[in-house]
Amino acid sequence: QKPTIAIIGPGRAGSALGRALHTAGYTIAAIGGRNPDNVRILAEELGARACQSPAATIDLADLTILAVPDDVILPLATDMVESLCSAAGHSVVHLSGAQDRSALRPLAQQGSLRTGVFHPLQTFRRGPEAVVNVAGTYFGIDAEQPLRDLLMQMARDLQGHPFDLTGVDLALYHAAAVFAANYPITLLAEAIALAADAGLDPETARRGLTTLLAGAVNNLRDLAPADAITGPASRGDEGTIERHLAALKRDPELQRLYQLLADRTKLLNPNKEVAA
């Protein structure tokens, strides 16, 4: 039997998971959050009760998901435990990949709730379209039994892939996620600006370079990074690298970033044959 779900924080991740869980046959019992309009809109869409009190959501559902910023988790858990009515047998998880279950300690120790981590290793845009990213997502899980099995099954019901976060260095793990999901977009923004400075129409630059990035990601579906990487650094084309560095001299910080990335690229496969 699927547990009933409450979601606190109807933002990008909370809304996407709420919609996906609803589609997967889970009853969304309650939605809570600071913005009453966002709470009401998502609650109406999913047939849930809109709650202004975060603690009330715990009383209404078997499992409450805290989809809030990392720095809010512990203060929210501390505030919630003081307002609980009867939460015996209920569970609370947060979605942070950077924090462990200790952020929920007040609810575990004073509220006697089961607590855990349910981290979607995924990025979500704003709006209903974000739900398409849920299927296929890897979910990092840390919880004691029986909550652990429940979360593993929930990930599979979302057509995702659960994996164990027990004993993982979460700071390094989350830094890895940031490198994969956030900084390529920062680099793409720099690339678009460079192409526009070179004289390309900005919209053409955006579309063309985004398509280029998508092609690189597509190559990675079947290849390791060392086999998928292309470009002058992977080929040992030092002349091209020097021309690029010369062109970037107007922006010393970006020039240094290019040189650092070129050097790290060469380390991917130092024994790779240089193209003729």
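For the structure itself, consult the block above.
Let me begin by describing the structure that accompanies this report. (Residues numbered from 1 in each chain as written. Predicted model: local features only at pLDDT ≥ 70, side-chain atom pairs only at ≥ 80, totals over all residues. Heavy atoms only, no water.)

Quick look at helix H8 (residues 183-197)
- Between its first and last C-alpha atoms H8 spans 21 Å; for 15 residues at 1.5 Å apiece the expected length is 21 Å, and the two agree.
- For H8, the set of buried residues is Leu 188, Ile 192 and Ala 195. Summarising the axial view, the buried residues of H8 lie within an arc of 65 degrees, below the 170-degree limit, and thus occupy one face.
- Summarising the contacts, the buried residues of H8 are in contact with helix H9 (202-219).
- In the segment just after H8, Gly 199 is the residue with positive phi, at about 115 degrees. (Helix = DSSP H or I, 4+ residues; strand = E, 2+ residues; numbered from the N terminus. Expected span 1.5 Å × (residues − 1). Buried < 20%, exposed > 50% of the residue type's maximum accessible area, 1.4 Å probe, protein only. Arc of directions from axis to C-beta. Contact = heavy atoms within 4.5 Å.)

Focus: the pattern of salt bridges
- One pass over the full model with this rule turns up 10 salt bridges.
- Where Arg 235 meets Asp 237, a salt bridge forms, and the shortest distance between an N and an O atom there is 3.9 Å.
- Where salt bridges share partners, they join Asp 37, Arg 40 and Glu 44 into one cluster. (Salt bridge = Lys/Arg side-chain N within 4 Å of Asp/Glu carboxyl O.)

A look at the sheet that holds strand E7 (residues 138-143)
- Taken in spatial order, the 8 strands make up an open sheet running E3-E2-E1-E4-E5-E6-E7-E8, and their pairing is mixed. The sheet terminates laterally at strand E3 (49-51) and strand E8 (161-164), the two strands that pair on one side only. The average angle at which neighbouring strand axes cross in this sheet is 25 degrees, direction not considered.
- Alignment of strand E1 (residues 5-8) against strand E2 (residues 28-32), held across 4 bridges, turns out to be parallel. Within E2, the residue paired with Ile 5 across the bridge is Ile 28.
- Along the sheet, helix H4 (residues 73-81) makes contact with E1, strand E4 (63-66) and strand E5 (91-94), crossing E4 at roughly 140 degrees. (Pairing = 2+ DSSP bridges. Axes fitted to C-alpha atoms, helices over the stretch in contact; angles between N-to-C directions.)

Some words on the packing of aromatic side chains
- For the structure on display, the rule yields 3 aromatic pairs.
- Between Phe 163 and Tyr 173 the ring centres are 6.2 Å apart and the planes differ by 65 degrees, which places this aromatic pair in the edge-to-face class. Of this pair, Phe 163 sits in strand E8 while Tyr 173 sits in helix H7 (residues 170-181), placing them 10 residues apart in sequence.
- A residue is classified by how much of its surface remains accessible, and Tyr 173, at 12% relative accessible area, is buried.
- Taking 5.6 Å as the distance between ring centres and 85 degrees as the angle between the ring planes, the aromatic pair formed by Phe 179 and Tyr 183 counts as edge-to-face.
- The exposure class of Phe 179 is exposed, given its relative accessible area of 58%.
- Accessibility expressed as a relative area gives 43% for Tyr 183, which makes it partly exposed.
- The ring of Tyr 26 carries the charged tip of Lys 2 above its face, separated from the ring centre by 5.6 Å. (Phe/Tyr/Trp six-rings, centres within 6.5 Å; stacked < 30°, edge-to-face > 60°. Lys NZ or Arg CZ within 6 Å of the ring centre and 35° of its normal.)

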